[in-house]
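Notes for the structure review
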Amino acid sequence: MALPKVKFDQKKRVKLAQGLWLMNWFSVLAGIIIFSLGLFLKIELRKRSDLMNNSESHFVPNSLIGMGVLSCVFNCLAGKICYDALDPAKYARWKPWLKLYLAICVLFNIVLFLVALCCFLLRGSLENTLSQGLKNGMKYYRDTDTPGRCFMKKTIDMLQIEFKCCGNNGFRDWFEIQWISNRYLDFSSKEVKDRIKSNVDGRYLVDGVPFSCCNPSSPRPCIQYQITNNSAHYSYDHQTEELNLWVRGCRAALLSYYSSLMNSMGIVTLLIWVLEVTITIGLRYLQTSLDSVSNPEEPESESEGWLLEKSVPETWKAFLESVKKLGKGNQVEAEGADAGQAPEAS
């Protein structure tokens, strides 16, 4: 029994074909939107690729770009099929390929849905790569004279200014690394010598932060050195007074920015997925209604359209049987090849 069955006359078939033709061109525009979203996300990620630990974060934008291109191709082709469906002679050329095309469309819709889910689910992976990448970037902040790393200071300073953040998890992260280059240290100074000697690794550590951590909205001049030393500043208590530094870490700031981008793209992709599924269902009804016309020479005759030719259990059973036959066919061919090689060996 076909499920779910709908009756069509010529007028309904024409309206269905015309409606699908229009929807396919809307889907072409939707494919361009998916492509543009993926391209935008990729550019945004590449801007800060030096602060990311691996390239896994580019999976989502690459997938969106690929699905956008495929969406444009498939929907252009589907639009042509719907246009030709109004002419029996032209439709006859498409008829042998429509089942395969519809199967490819179903597969495309499944992949598109998975890509939309990835936009929501890859937050954890992005958080890990940002955390490790920012940690490494902060270590190279002082290497302004090292080829390949001389740009890192500017990159991190611009990041902290743009996203109003400081450090990886917070401003105290800067206390644990030497972010001032040895080139700008006076090694004849007793204070510098004492600080280096007091550290096991011989690093110059200070309770200070780069200038880019300063909050310009604070009424007090920025305190970026001796942050935890209350006696070094007038009327100052670092534990009770609100610091004039950015409190939020850059990992949280970047994660929030990229997550909001990917969540928005995920919602848009899901809406486009609904449109693509609707088109695929409409194409299936158009195909079955045209194939079931009782008398092809009388196009005005009624016909029936359906999604599944049999019930769901029967369709699933037939699918499994076809897979088994395909597997047995491959096995027989392999045995035949082995039997043919045996006499040659003897």
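Residues numbered from 1 in each chain as written. Predicted model: local features only at pLDDT ≥ 70, side-chain atom pairs only at ≥ 80, totals over all residues. Heavy atoms only, no water.

We now examine the overall build of the chain. When helices and strands are tallied, the chain shows nine helices and two strands. Counting every position in the chain, which comprises 346 residues, the buried fraction comes to 39%. When contacts within the chain are restricted to residue pairs at least 6 apart in sequence, long-range pairs at least 24 apart make up 72% of them. Surface accessibility of the chain: about 20,200 Å² in total, with carbon and sulfur atoms responsible for 61%. (Helix = DSSP H or I, 4+ residues; strand = E, 2+ residues; numbered from the N terminus. Buried < 20%, exposed > 50% of the residue type's maximum accessible area, 1.4 Å probe, protein only. Contact = heavy atoms within 4.5 Å. Areas by Shrake-Rupley, 256 points an atom, 1.4 Å probe, with all protein chains shown as cover.)

Turning our attention to a nonpolar patch on the surface. Judged by side-chain polarity, Val106, Ile110, Phe113, Leu114, Leu117, Phe120, Leu121, Ile267 and Leu271 come together as a nonpolar surface patch covering roughly 800 Å² of accessible area. Listing elements by their share of the nonpolar patch, those giving two or more residues are helix 4 (98–121) and helix 8 (250–291). Per-element accounting of the nonpolar patch gives the leading share, seven residues, to helix 4. One can find leucine 114 in helix 4. (Patch = residues over 30% accessible without salt bridge, like charges linked within 9 Å, V, L, I, M, F, W, Y side chains within 5 Å. Salt bridge = Lys/Arg side-chain N within 4 Å of Asp/Glu carboxyl O.)

Another point: the UniProt feature "transmembrane region" (unreviewed entry) in the chain. Residues annotated by UniProt as "transmembrane region" (unreviewed entry) correspond here to residues 20–41 and 101–122. Spanning residues 20–41, this segment combines 100% helix with 0% strand, and its end C-alpha atoms are found 31 Å apart. (UniProt positions renumbered as here; feature names shortened; annotations may be inferred.)

Next up on the list: the pattern of salt bridges. Under the counting rule described, the total for this entry stands at 12 salt bridges. We note a salt bridge from glutamate 127 to arginine 251, for which the minimum N-O separation is 2.7 Å. Of this pair, glutamate 127 sits in helix 5 (residues 123–139) while arginine 251 sits in helix 8, and the two are 124 residues apart along the sequence. In this structure, aspartate 143 and arginine 142 form a salt bridge, with 3.9 Å as the shortest nitrogen-oxygen distance. Arginine 142 gets classed as partly exposed once you look at its relative accessible area, which sits at 26%.

Contact geometry for helix 4 and helix 8: axes closest at 9 Å, N-to-C directions at 165°. Considering their axes alone, helix 4 and helix 8 lie roughly antiparallel with respect to each other. Both helix 4 and helix 8 take part in a crossing whose hand is left-handed. (Axes fitted to C-alpha atoms, helices over the stretch in contact; angles between N-to-C directions. Parallel < 35°, antiparallel > 145°, perpendicular 65-115°, else oblique. Left-handed = near helix turned anticlockwise from the far one by under 90°.)

Time to look at the packing of aromatic side chains. For any pair of aromatic rings, the description consists of the separation of the ring centres together with the inter-plane angle of the planes. Enumeration according to the criterion identifies 11 aromatic pairs in this entry. Measuring from centroid to centroid gives 5.3 Å for phenylalanine 163 and tyrosine 257, while their planes differ by 70°, and the two rings are edge-to-face. Of the two residues, phenylalanine 163 sits in helix 6 (residues 152–163) while tyrosine 257 sits in helix 8, which places them 94 residues apart along the sequence. A relative accessible area of 24% places tyrosine 257 in the partly exposed class. Their ring planes at 70° and their centres at 5.9 Å tell us that phenylalanine 171 and phenylalanine 175 sit as a pair that is edge-to-face. Side by side, phenylalanine 171 and phenylalanine 175 carry an identical accessibility label, which is buried. Through a chain of ring-to-ring contacts, the aromatic side chains of Tyr141, Trp174, Trp179 and Tyr225 assemble into a single cluster. Across from the ring centre of tyrosine 140, 4.0 Å away, lies the NZ or CZ of arginine 149, which sits over that ring. (Phe/Tyr/Trp six-rings, centres within 6.5 Å; stacked < 30°, edge-to-face > 60°. Lys NZ or Arg CZ within 6 Å of the ring centre and 35° of its normal.)

Attention now moves to the state of the cysteines. One way to say it: the disulfide is the covalent bond shared by the sulfur atoms of two cysteines. This structure, assessed with the given rule, holds three disulfides. Disulfide pairing is shown between cysteine 214 and cysteine 222; the S-S distance is 1.8 Å. A torsion of -75° about the S-S bond marks the disulfide between cysteine 214 and cysteine 222 as left-handed. Judged by relative accessible area, which is 16%, cysteine 214 ranks as buried. The partly exposed category is assigned to cysteine 222, whose relative accessible area is 35%. Cysteine cysteine 118 is unpaired, with the sulfur of cysteine 119 as its nearest cysteine sulfur at 7.2 Å. A relative accessible area of 21% means that cysteine 118 is categorised as partly exposed. (Disulfide = S-S within 2.5 Å.)

What follows covers the packing of helix 2 (residues 59–84) against helix 4. Where helix 2 contacts helix 4, the axes come no closer than 10 Å and their chain directions differ by 150°. One element, helix 2, and the other, helix 4, form an angle in the roughly antiparallel class. Relative to helix 4, the crossing made by helix 2 is left-handed. Contacts between helix 2 and helix 4 involve Phe59, Val60, Ser63, Leu64, Met67, Leu70, Ser71, Phe74, Leu77, Ala78 and Ile81 from the first element and Leu98, Tyr101, Ile104, Phe108, Val111, Leu112, Val115, Cys118 and Cys119 from the second. When its residues are assigned to classes, the contact of helix 2 with helix 4 shows 18 nonpolar, two polar and no charged. (Nonpolar A, V, L, I, M, F, W, Y, C, P; charged D, E, K, R; others polar.)

Our next topic: the nonpolar core. Residues Leu41, Phe171, Trp174, Val209, Ile227, Tyr258 and Leu283 are the most contacted members of the largest nonpolar core, which totals 69 residues. When residues of this core are traced back to their parent elements, those giving at least two are helix 1 (10–47), helix 2, helix 4, helix 5, helix 6, helix 7 (190–197) and helix 8. No other element matches the 13 residues that helix 8 contributes to this core. Setting aside residues up to four positions removed in sequence, phenylalanine 171 forms contacts with Cys166, Val209, Ile227, Leu243, Leu245 and Trp246. (Core = buried A, V, L, I, M, F, W, Y, C linked by side-chain atoms within 4.5 Å.)

The next subject is the environment of leucine 243. Structurally, leucine 243 can be placed in the loop between helix 7 and helix 8. Separated by 16 residues in the primary sequence, leucine 243 and isoleucine 227 have C-alpha atoms spaced 8.7 Å apart. Contact partners of leucine 243, with chain neighbours within four places excluded, come to Phe171, Ile227, Tyr236 and His238.

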